[in-house]
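Summary of structural features
Below, each chain spelled out in residue letters.
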Amino acid sequence: MTGDKARALVEQFVQPMLDRGTDTIVLGCTHYPFLTALIQSITGPEVAIIDPAAAVARELRRRLEDLGLAGSGTRSGTERFWSSNSRVQAESIISRLWCEDTEVLELSVKC
């Protein structure tokens, strides 16, 4: 993901960490890997960026297997997307990240 707005937003969060001497950033949200190249362009090569997604996926698989809920791997999965934000806006963003048209369902949040 690129663009002046995205860069300004990422800089707003990353620069204070750099100012404090951060040498490693661990991505802690599912959408941050889409910003890895942008984050790295701001931090420079001296800051390590760790994406724990593979480790999280392995742990999820282990837990599903322990509970007898893991799939057999013989059939294809499907994707579904929900958002508590604007459905139209979410569809636009997710479609760009997913590289194909997507449908987003509204997630109603009751407070």
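In short, a report on the structure. All values derive from a computational prediction rather than experimental measurement.

Focus on the overall build of the protein chain
When you go through the protein chain residue by residue, the secondary structure sums to 4 helices and 4 strands. In the protein chain, the succession of α and β elements from N to C terminus is α-β-α-β-α-β-α-β. Taken over the C-alpha trace, the protein chain has a radius of gyration of 18 Å; the compact-globule value for 111 residues is 13 Å, which it surpasses by more than 25%. With respect to the three principal axes, the spread of C-alpha positions in the protein chain is 45 × 35 × 35 Å. Going through the 111 residues of the protein chain one by one, you find that 20% of them count as buried. Pairs at least 24 residues apart make up 45% of the contacts formed inside the protein chain by residues separated by at least 6 positions. Counting only carbon and sulfur atoms, one obtains 54% of the accessible surface of the protein chain, whose full area is about 8,900 Å².

Observations regarding helix H1 (residues 4–19)
Taking 1.5 Å of rise per residue, the 16 residues of H1 would be expected to cover 22 Å, and the 21 Å separating its terminal C-alpha atoms lies within 8% of that figure. At Gln12, H1 shows its maximal bend, which comes to roughly 35°, and the proline Pro16 appears one to four places after that position. Here the buried face of H1 lies against strand E1 (24–26) and helix H2 (36–43). Looking at the residues trailing H1, positive phi occurs at Gly21, about 90°.

Overview of the layout of surface pockets
Considering only enclosed or pocket space, the largest pocket measures out at about 540 Å³ in volume. Counting only elements with at least two residues in the lining of the largest pocket, the list comes to H1, E1 and helix H4 (87–98). Of the residues belonging to the lining of the largest pocket, the class tally is 16 nonpolar, 3 polar and 1 charged. Its boundaries defined by the atoms lining it, the second largest pocket holds a volume of some 400 Å³.

Here we look at the state of the cysteines
In this structure the tally under the stated criterion is 0 disulfides. Just so you know, Cys99 is unpaired, no disulfide at all, and the nearest cysteine sulfur is the one on Cys29, 19 Å from it. Given a relative accessible area of 68%, Cys99 falls into the exposed group.

What counts and how
- Residues numbered from 1 in each chain as written.
- Predicted model: local features only at pLDDT ≥ 70, side-chain atom pairs only at ≥ 80, totals over all residues.
- Heavy atoms only, no water.
- Helix = DSSP H or I, 4+ residues; strand = E, 2+ residues; numbered from the N terminus.
- Rg over C-alpha atoms; globule rule 2.2 N^0.38 Å.
- Buried < 20%, exposed > 50% of the residue type's maximum accessible area, 1.4 Å probe, protein only.
- Contact = heavy atoms within 4.5 Å.
- Areas by Shrake-Rupley, 256 points an atom, 1.4 Å probe, with all protein chains shown as cover.
- Expected span 1.5 Å × (residues − 1).
- Bend = angle between axes of the 7 residues up to and from the residue.
- 1 Å grid on protein atoms, 1.4 Å probe; cavity = no way out; pocket = protein on both sides within 12 Å on 5 of 7 lines; lining within 4 Å.
- Points joined across faces, edges and corners; volume = space filled by probe spheres on them.
- Nonpolar A, V, L, I, M, F, W, Y, C, P; charged D, E, K, R; others polar.
- Disulfide = S-S within 2.5 Å.

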